[in-house]
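So the chains spell out like this:
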Protein chains: 2
Amino acid sequence: MLKPFSDKVANLAPSAIREILKFTADPEVISFAAGNPAPEAFPVDTIAKISADIFREEPINALQYSVTEGYPKLRAWLEQDLRAKKLFKDGDMVVVTSGAQQAIEVTAKILCNEGDVILCENPSFIGSLNAFRSYGVKLIGVPMDEDGMLPDELENILKANPTTKFIYTIPNFQNPTGQTTTLERRKAVLALAKKYGVYVLEDNPYGALRFAGEDVTCYKELDDSKNVIYAGTFSKVLAPGIRVGYLCADAELVSKAVVGMQTSTVHTNIWAQMLAYRFVTTVNFNEHIKGLQEIYRLKYNRMKDALKAQLPDFIKLSEPQGGLFIWATLPEKYDMNAFCVEAVKRKVAVVPGNAFNADEAEISHSFRLNYSTPTNEQIDKGCEILGKAATDLLK
Amino acid sequence: MLKPFSDKVANLAPSAIREILKFTADPEVISFAAGNPAPEAFPVDTIAKISADIFREEPINALQYSVTEGYPKLRAWLEQDLRAKKLFKDGDMVVVTSGAQQAIEVTAKILCNEGDVILCENPSFIGSLNAFRSYGVKLIGVPMDEDGMLPDELENILKANPTTKFIYTIPNFQNPTGQTTTLERRKAVLALAKKYGVYVLEDNPYGALRFAGEDVTCYKELDDSKNVIYAGTFSKVLAPGIRVGYLCADAELVSKAVVGMQTSTVHTNIWAQMLAYRFVTTVNFNEHIKGLQEIYRLKYNRMKDALKAQLPDFIKLSEPQGGLFIWATLPEKYDMNAFCVEAVKRKVAVVPGNAFNADEAEISHSFRLNYSTPTNEQIDKGCEILGKAATDLLK
């Protein structure tokens, strides 16, 4: 190297999940480590037909440069859809992003100077945490109980950190814990955000994938003073490989995000945006989502039942009402990392919980299990192997 | 707003070209202001067929999450292709990016702290300049003559700015000037980069679109000490709307860029990468490129002939040997901006040259003309209007 890397990225490492996923290149390894939507949930035939329609009807539009804000028809549909859900308020603007990840990354870029503080649930989604780290911010994890972030702890942290720019949250079926923040807790967090003059960045990739319980009002709907920035995506309701997400917030903020994206990706793949638009306006989108919920309900129940049958009772399992993940927690006397290593030796990959901590060095006793990617047979066999590993190792 | 924007983006404005392009929403306006490839150059039928093949043969691969580095088959093809062109050296790595723009943006992110210096040709491509600005770097334009950047001026700037991280250059058919840096000048610039321990970021979107003269050796080929970072793209040889570019450099640097992209787009739209791979391996890619060169040769000649017939002799025109742009320069006594405003009033849009300066406040007497996007009829009519405007205004 001629010159060192910039300070903000010098210590940025590939996500720990990626290291685990290397083991899963071995075809004998059953992976509960991914976060991929169930492939059987992809509406392949409809997508193939729509793509053919696009190239027959308007090929140049699908291939030429487009505008950074996104495909106008898709933006109009999103605005209407988000308005109907009370997530789009007067004065808001919605733009298309290259996945929700870009929405999250550009939000950090436009709001944070190096050394500023971002608060997150502890644990939280490593992709977002690394996006924040890549701008040299100080990341502070807020302790949680089963209802979400603890308001007293949150307030203490806000008091102690006046350069906090926003609170990052995945309120529904959180990655990695699978848990949903209660309405009461959302109101408390939002009240604190207002009191201390910080944004809430609400990341809601899994919200549509609810297979039990009742929807909880979004932060974005609860907000009446432009404190909430909302990131959504088509990754879990259409397909992640197309990289189509969106950002909805106050227009001034979103306009600055557009300038940021203009300098990085110019615009999101336009064929993919046209595909998403034609998909949501061609099929019965609500029925499509109900179908997805049924797929995830069955997969979750399969894994839950298998885990309950195979794992010792002292391993505590979260009970998600949607999404892709179960969070398993060992009693403190056991070494979680040793268990994960033993599991992968026996050809089952899970993700060690410390990967999701704001401070990765902090000890975790939990690990993340994914039920959307493996087949039913893999779920059964993998849980059996985990059960035996637990019986042999945890005595 | 609750909080101000980050310092690095606070003053970042949408590109001035976008403001000009607003006029071009008027269907009566003939736009010579864009930078779009010729739509007739898109191999629509082949793309439609390949897309159908993908969804018939491997739909899940085209829709599921993929790896940040890019589609392995496309990366392998790129490595082979770049190696054959002597652009890929031992120890290098090539990854797929969401357009060359992302390659350029992430290079600035991983190399530059706020306040560091990036040097660029003056004038240069505004999209890249804004990407650099978005990281709070100090941008210094290096004066050019017809052979490229002036080595003495470059050395003086390098001496005076020890925090310079890289020299950004578009060596072939530069945007906006259309000019090509000579081999001798490339060698001089590279020698200075080595002497002062800075990188050269070589942006080569137009290199394949040569319609006159002989290829000039790339910086990347000339480099024997990992000083050159190479950005390429399928935007001008396949289609820009798919957003597929690539970054080729020393593996350590590219690995850090991958971590950066993992936090922003996760990966480039995978269908688009599969499309690009199948395209280059299905068609005779060299023949395809020869066809593009012929399209651009005809379009360039059409505009050159029309301009020479219509414009007064005192407006100097660059003579590109490829690419998309002609650079027109007025004598210093005239007001270039007033001429551009008059042109757009008469329904012809061109881009004022100061938009491309490292310091936008610096006066320019030039404007940029694009011949790839307008039809032949638009070229003829637009040049006639420009000629009348010049005759009326510039006396």
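These numbers come from a predicted model, not from an experiment.

Cut-off values and rules
- Residues numbered from 1 in each chain as written.
- Chains lettered and ligands numbered in written order.
- Predicted model: local features only at pLDDT ≥ 70, side-chain atom pairs only at ≥ 80, totals over all residues.
- Heavy atoms only, no water.
- Domains from an automatic or database assignment.
- Contact = heavy atoms within 4.5 Å.
- Buried area = accessible area lost by both parts, 1.4 Å probe.
- Salt bridge = Lys/Arg side-chain N within 4 Å of Asp/Glu carboxyl O.
- Polar contact = N/O pair within 3.5 Å; in protein donor to acceptor, adjacent residues only side chain to side chain.
- Helix = DSSP H or I, 4+ residues; strand = E, 2+ residues; numbered from the N terminus.
- Nonpolar A, V, L, I, M, F, W, Y, C, P; charged D, E, K, R; others polar.
- Phe/Tyr/Trp six-rings, centres within 6.5 Å; stacked < 30°, edge-to-face > 60°.
- Buried < 20%, exposed > 50% of the residue type's maximum accessible area, 1.4 Å probe, protein only.
- Pairing = 2+ DSSP bridges.
- Axes fitted to C-alpha atoms, helices over the stretch in contact; angles between N-to-C directions.

**Some words on the domain arrangement of chain A**
All names here are of chain A.
- Under the domain assignment, chain A is made up of domain 1 (7-43 + 287-393) and domain 2 (44-282).
- Placing the centre of domain 1 and that of domain 2 at their C-alpha centroids yields a distance of 24 Å.
- Listed by partner, the interface residues are 36 residues for domain 1 and 40 residues for domain 2.
- For the pair domain 1 and domain 2, the two sides together bury roughly 3,100 Å², of which 62% comes from carbon and sulfur.
- Run the count over domain 1 and domain 2 and you get one salt bridge.
- Between lysine 316 and glutamate 146 there is a salt bridge, and its shortest N-O distance comes to 3.6 Å.
- Along the contact surface separating domain 1 from domain 2 lie 18 residue pairs in polar contact (both at pLDDT 80 or more).
- The element contributing the most residues to the side of domain 1 that touches domain 2 is helix α13 (residues 285-310), with seven residues.
- Classifying every residue of the side of domain 1 that touches domain 2 by side-chain character gives 21 nonpolar, nine polar and six charged.

**Considerations on the packing of aromatic side chains**
Residue and element names in this part refer to chain A.
- Considering all chains together, one arrives at 32 aromatic pairs over all chains under this definition.
- For the pair phenylalanine 132 and phenylalanine 166, a centre-to-centre distance of 5.4 Å together with 75° between the ring planes defines the contact as edge-to-face. Here phenylalanine 166 lies in strand β7 (residues 164-169) and phenylalanine 132 lies in helix α7 (residues 126-133), a separation of 34 residues in the sequence.
- The buried category is assigned to phenylalanine 132, whose relative accessible area is 0%.

**Description of the side chain of A:Glu121**
All names here are of chain A.
- Here glutamate 121 shows up in strand β3 (residues 117-121).
- Of note is the side chain of glutamate 121, whose polar atom sits 2.4 Å from the side chain of threonine 169.
- In this view, glutamate 121 contacts Val142, Met144, Met149, Tyr168, Thr169, Ile170, Gln174 and Thr181; residues no more than four positions away in its chain are not counted.

**Some points on the interface of chain B and chain A**
- Every contact between the two is made by 78 residues of chain B and, on the other side, 78 residues of chain A.
- Roughly 6,700 Å² of surface becomes buried between chain B and chain A when both sides are summed, with 59% attributable to carbon and sulfur atoms.
- Connecting chain B to chain A are two salt bridges.
- Between A:Glu105 and B:Lys109 there is a salt bridge; the shortest N-O distance is 3.6 Å.
- On the surface where chain B and chain A come into contact, there are 38 residue pairs in polar contact (both at pLDDT 80 or more).
- Listing elements by their share of the side of chain B that touches chain A, those giving two or more residues are α1 (7-10), α3 (44-57), α4 (59-63), α6 (99-111), α7 (126-133), β7 (164-169), α11 (251-262) and α12 (270-282) of chain B.
- It is α6(B) that contributes the most residues to the side of chain B that touches chain A, six residues altogether.

**Examining the sheet that holds strand β14 (residues 351-352) of chain B**
All names here are of chain B.
- Strand order in the open sheet made by the four strands is β11-β12-β15-β14, with antiparallel pairing throughout. The strands lining the two open edges of the sheet, one partner per strand, are β11 (316-317) and β14.
- Sheet analysis places strand β12 (residues 325-329) next to strand β15 (residues 366-370), joined by five bridges and oriented antiparallel. Opposite isoleucine 326, over in β15, you have leucine 369 as the bridge partner.
- Each of β11, β12 and β15 touches helix α13 (residues 285-310); the most contacted strand, β12, lies at about 20° to it.

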